Amino acid sequence: MDKRLVDIHDRTVSGRVFTDPDIFAREQATVFSQSWLYLGHRSQFKEKGDFIQAYAGTMPVLLCLDGEGGFNVFANVCSHRAARVCQQEYGNARKFVCPYHNWVFDNKGDLIGVPRRHSPEFDKSKWGLCKAAQVSVYRDLIFCTFSPAAAPLEDYLGDMKWYLDMLLDCNGGTEVSKGTHRSTVHCNWKIPAEQFGSDNWHFQAVHCSMGKLGRRNEDPNSEDSFHVWTDQGHILICIAPKQEVDTTYTLYLDKLAAEQRISEAQRKLLRCTLVITIFPNLSFVYFPGLCSIRVWNPRSPDQTELWSWALYHKDAPEQIKDLVRKQVTRLFSPTGMLEQDDLEVWSRLADNLKGMPPDFRLCYEFDADPEIKNRPFPGHTASLQSDIAALAFYKRWAEIIAHADGTP
Ligand code: FES
Ligand SMILES: [Fe+2]
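Residues numbered from 1 in each chain as written. Chains lettered and ligands numbered in written order. Predicted model: local features only at pLDDT ≥ 70, side-chain atom pairs only at ≥ 80, totals over all residues. Heavy atoms only, no water.

**Student:** Where do I start with the domain arrangement of the chain in this structure?
**Tutor:** Put simply, an interface is often sized by how much accessible area is lost when its parts join up. Parsing the chain into structural domains produces domain 1 (36-138) and domain 2 (158-401). Relative to domain 2, the C-alpha centre of domain 1 lies at a distance of 32 Å. Domain 1 puts 13 residues into the contact, and the matching count from domain 2 is 20 residues. Carbon and sulfur atoms supply 60% of the area that domain 1 and domain 2 bury against each other, a total of about 1400 Å² over both sides. Inspection of the domain 1/domain 2 interface yields 1 salt bridge. One salt bridge in this structure joins Arg182 and Glu89, with 3.2 Å as the shortest N-O distance. Taken together, the connections running from domain 1 to domain 2 amount to 5 residue pairs in polar contact (both at pLDDT 80 or more). (Domains from an automatic or database assignment. Contact = heavy atoms within 4.5 Å. Buried area = accessible area lost by both parts, 1.4 Å probe. Salt bridge = Lys/Arg side-chain N within 4 Å of Asp/Glu carboxyl O. Polar contact = N/O pair within 3.5 Å; in protein donor to acceptor, adjacent residues only side chain to side chain.)

**Student:** What exactly am I supposed to notice about the sheet that holds strand β21 (residues 361-363) here?
**Tutor:** Strand pairing in a sheet relies on backbone hydrogen bonds, with the paired strands running either antiparallel or parallel. Pairing is antiparallel in the open sheet, where 3 strands are placed in the order β1-β2-β21. In the strand order of this sheet, the two ends are held by β1 (6-7) and β21, each with one partner. With 2 bridges joining them, β1 and strand β2 (residues 12-14) adopt antiparallel strand pairing. The residue bridging Asp7 from the neighbouring strand is Thr12, located in β2. (Pairing = 2+ DSSP bridges. Helix = DSSP H or I, 4+ residues; strand = E, 2+ residues; numbered from the N terminus.)

**Student:** Even after reading the chapter, I still don't get the packing of aromatic side chains, so can you show me in this structure?
**Tutor:** Describing an aromatic ring pair means giving the distance of the ring centres and the angle of the ring planes. Considering all chains together, one arrives at 24 aromatic pairs under this definition. Arranged with centres 5.6 Å apart and planes meeting at 85°, the rings of Trp296 and Trp346 form a pair that is edge-to-face. Taken together, the residues Trp296 in strand β19 (residues 290-300) and Trp346 in helix α11 (residues 337-354) connect sequence positions 50 residues apart. Given the relative accessible area of 0%, Trp296 is considered buried. We classify Trp346 as buried; its relative accessible area is 3%. (Phe/Tyr/Trp six-rings, centres within 6.5 Å; stacked < 30°, edge-to-face > 60°. Buried < 20%, exposed > 50% of the residue type's maximum accessible area, 1.4 Å probe, protein only.)

**Student:** For this particular structure, what's the right way to read the coordination of the iron ion (ligand 2)?
**Tutor:** Where a metal carries four tetrahedral donors, each ideal angle is 109.5 degrees; where it carries six octahedral donors, the ideal angles are 90 or 180 degrees. Distances from the iron ion (ligand 2) to its protein donors, namely His202 (NE2), His207 (NE2), Asp342 (OD) and Asp342 (OD), fall within the range 2.1 to 2.3 Å. For the iron ion (ligand 2), the 4 donor atoms are set out with angles of 56 to 146° between them, so the coordination reads as irregular. All donors to the iron ion (ligand 2) come from one chain, and their sequence spacing reads H-x4-H-x134-D. The buried category is assigned to His202, whose relative accessible area is 13%. According to the relative accessible area criterion, His207 is buried, its value standing at 1%. (Donors = N, O, S within 2.8 Å, 3.2 Å for Na, K, Ca; no water. Tetrahedral: all angles 85-135°; square planar, octahedral: opposite > 155°, others 65-115°.)

**Student:** Help me out: how do you make sense of the packing of helix α5 (residues 190-198) against α11 in this one?
**Tutor:** Relative placement of two packed helices is described by the angle separating their axes and the distance separating the axes. Running from N to C, α5 and α11 cross one another at 130°; their axes reach a closest spacing of 10 Å. Overall, the two elements α5 and α11 adopt an arrangement that is oblique. Of the two possible hands of crossing, α5 and α11 adopt the one that is right-handed. Each of Ile191, Pro192, Gln195 and Phe196 in α5 lies in contact with α11, whose residues at this interface are Asp342, Trp346, Leu349 and Leu353. When its residues are assigned to classes, the contact of α5 with α11 shows 6 nonpolar, 1 polar and 1 charged. (Axes fitted to C-alpha atoms, helices over the stretch in contact; angles between N-to-C directions. Parallel < 35°, antiparallel > 145°, perpendicular 65-115°, else oblique. Left-handed = near helix turned anticlockwise from the far one by under 90°. Nonpolar A, V, L, I, M, F, W, Y, C, P; charged D, E, K, R; others polar.)

**Student:** Looking at this structure, I do not really get α11. What am I missing?
**Tutor:** In an α-helix, one full turn covers 3.6 residues, which means residues spaced three or four apart are oriented alike. Over its 18 residues, α11 extends 27 Å from the first C-alpha to the last, a length consistent with the 26 Å expected when each residue adds 1.5 Å. Within the sequence span of α11, burial applies to Leu338, Glu339, Asp342, Leu343, Trp346, Ser347, Ala350 and Leu353. Along the long axis of α11, the arc covered by the buried residues comes to 150°, so they all point the same way. Of the exposed residues in α11, those oriented more than 90 degrees away from the buried face are Arg348 and Asp351. (Expected span 1.5 Å × (residues − 1). Arc of directions from axis to C-beta.)

**Student:** Would you mind showing me how to read the layout of surface pockets here?
**Tutor:** Over the atoms rolls a probe the size of a water molecule, and its path tells where empty space is left. By volume, the largest pocket is sized at about 710 Å³. In terms of lining residues, the largest pocket is bounded by 30 residues, among which Glu194, Gln195, Asp199, Trp201 and His202 are the most central. Where the lining of the largest pocket is concerned, the elements lending two or more residues are α5, α6 (201-206), α11 and β21. With 5 residues, the single largest contributor to the lining of the largest pocket is α11. Residue composition of the lining of the largest pocket, grouped by class: 17 nonpolar, 10 polar and 3 charged. Put simply, the second largest pocket is a space of about 560 Å³. Lining the second largest pocket are 27 residues, and of these Asn217, Thr247, Phe287, Pro288 and Gln327 lie nearest its centre. Elements supplying a minimum of two residues to the lining of the second largest pocket: α8 (248-258) and α10 (318-331). Here the lining of the second largest pocket takes 4 residues from α10, the largest share from any one element. (1 Å grid on protein atoms, 1.4 Å probe; cavity = no way out; pocket = protein on both sides within 12 Å on 5 of 7 lines; lining within 4 Å. Points joined across faces, edges and corners; volume = space filled by probe spheres on them.)

**Student:** Explain the UniProt feature "domain: Rieske" (unreviewed entry) in the chain to me, please; I cannot follow it from the model alone.
**Tutor:** The feature "domain: Rieske" (unreviewed entry), as given by UniProt, occupies residues 37-119 in the numbering adopted here. Helix makes up 0% of residues 37-119 and strand 43%, whereas the separation of the span's terminal C-alpha atoms amounts to 39 Å. (UniProt positions renumbered as here; feature names shortened; annotations may be inferred.)

**Student:** Can you walk me through empty space enclosed by the protein in this structure?
**Tutor:** Enumeration over the complete set of coordinates arrives at 4 cavities of 30 Å³ or more. Taken together, 15 residues line the largest cavity, and the ones lying closest to its centre are Gln195, Asp199, His202, Phe203 and Val275. For the lining of the largest cavity, the secondary-structure elements that each account for two or more residues are α5, α6, β16 (235-239), β17 (273-278) and β18 (282-287). When the residues that make up the lining of the largest cavity are grouped by side-chain class, the tally is 8 nonpolar, 5 polar and 2 charged. Roughly 100 Å³ of internal volume is contained in the second largest cavity.

Here it is, written out as structure tokens:
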């Protein structure tokens, strides 16, 4: 591990981690080429031939459902002169015709046509689009990795699967809202990825207007509020409610528990606020009555494209789906009340970091309740009054980028 970037013993992180173009390039060649990356949700695919555009790190990709019902992921970048092969955000196609010189690719990424006479030596099979090494689905979430050596997706998700299962409804499955909320975030992708899984602290300060409106019901000091982190770098915040209030959504949860679709422990946690980052750049935010799934797509050291969707149970009543969509739009969309607060702060942090000398280091040593550890939940746990989950995220990041040659 490069101690100058992340120092686990001093519990500090270099400011360069968020600004340096060389580090940005290095993490694309390591973190983003070796990890499992979220690309899309199964509910975005209705028929064979459906496709969506996505990003795998900085690489524009197409995720396609082929004629045999398998998912394929390949670069949306032509192997001839690097034009975007497909311009549409989503659609249905058996083949893609590159607009620059009309090379034709099928929806598995293979080159199937070249509209000119070519030499007998020209071998089309060599010039398919750059393909992901593995594609896998976990409870409707579609991931890919460019590493043939990557462990299976379920192993990669590890202890965080238990928490995801609560959100992803083991029985009926989930679906996402139509269309994609997109916004440009003027900061490095790790600032929001870290905050979403490990920073409850900012809530009191940055989102204080919510409190003034009387719309806060969390108790970060409760015994039932805690952090989770895993060795894979996944991180989670659970904040218990100050008061158990019955709402349309919590009554829906009670019904799911009565039908034994969620356990009692899960029913209790689903009355909490849950904020999760699956390493490296997939996050969830859940309040009772709101769930948003979001990807922090890195574009440059100081620019990130946020793509997000509302997420709800597929067989939930229409009233519940509508409630979730509206809550997500109000709070966590480009015009959302909480999102606006965060975007403003993150862009200011990024500007400040650019102005600091290369030896500037950030403090991750806070750990106010070190004795309150290891609650009866999967993963490592700690009090919310601790930087330990954030540090676990950077520890994993630093372990991976240390192998700049791409070996896992
Ligand atoms: S760049 Fe695609 S055919 Fe030339
Ligand atoms: Fe926030």
